[in-house]
Amino acid sequence: MTEAEAREIFKQIDADGDGQINIVELANHFKREGHGGQLREKVKTAMEADQNRDRVLDFNEFHAMIK
Ligand SMILES: [Ca+2]
Ligand SMILES: [Ca+2]
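All of these numbers come straight from a predicted model, not from anything done at the bench. (Residues numbered from 1 in each chain as written. Chains lettered and ligands numbered in written order. Predicted model: local features only at pLDDT ≥ 70, side-chain atom pairs only at ≥ 80, totals over all residues. Heavy atoms only, no water.)

Of note, the phi angle at Gln 38 is positive, near 45°, even though the residue is not glycine. Tracing the sequence through the fold places Gln 38 in the loop between α2 (23-32) and α3 (39-47). (Helix = DSSP H or I, 4+ residues; strand = E, 2+ residues; numbered from the N terminus.)

Here we come to the coordination of the calcium ion (ligand 1). Summarising the metal site, the calcium ion (ligand 1) is bound by the protein donors Asp 14 (OD), Asp 16 (OD), Asp 18 (OD), Gln 20 (O), Glu 25 (OE) and Glu 25 (OE), whose distances to it range over 2.2 to 2.4 Å. Viewed at the metal, the six donor atoms of the calcium ion (ligand 1) are separated by angles of 54 to 154°, and the geometry they form is irregular. Mapping the donors of the calcium ion (ligand 1) onto the primary sequence gives the spacing D-x1-D-x1-D-x1-Q-x4-E. Linking Asp 14 in the loop between α1 (3-13) and β1 (20-21) with Glu 25 in helix α2, this pair joins segments that are eleven residues apart in sequence. Comparing Asp 14 with Glu 25 shows no difference in burial state: the two are buried. (Donors = N, O, S within 2.8 Å, 3.2 Å for Na, K, Ca; no water. Tetrahedral: all angles 85-135°; square planar, octahedral: opposite > 155°, others 65-115°. Buried < 20%, exposed > 50% of the residue type's maximum accessible area, 1.4 Å probe, protein only.)

Spatial relationships are all this shows, so hold off on functional conclusions.
This is how it looks when you write it as structure tokens:
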């Protein structure tokens, strides 16, 4: 995946456009994608990419997770 593609996905998930993906935005994204079952597990797994432990994913953390 290119960085441009990753930025497109990041923008879709970052619903309020503040440049960070929080847990609510992640959960809504998984629901939209039809992955509502095991939602807690998926959010928890995604949040393991939160390297600085501020409970949100910035683009660098997100990109490291999906590349
Ligand atoms: Ca956000
Ligand atoms: Ca973070």
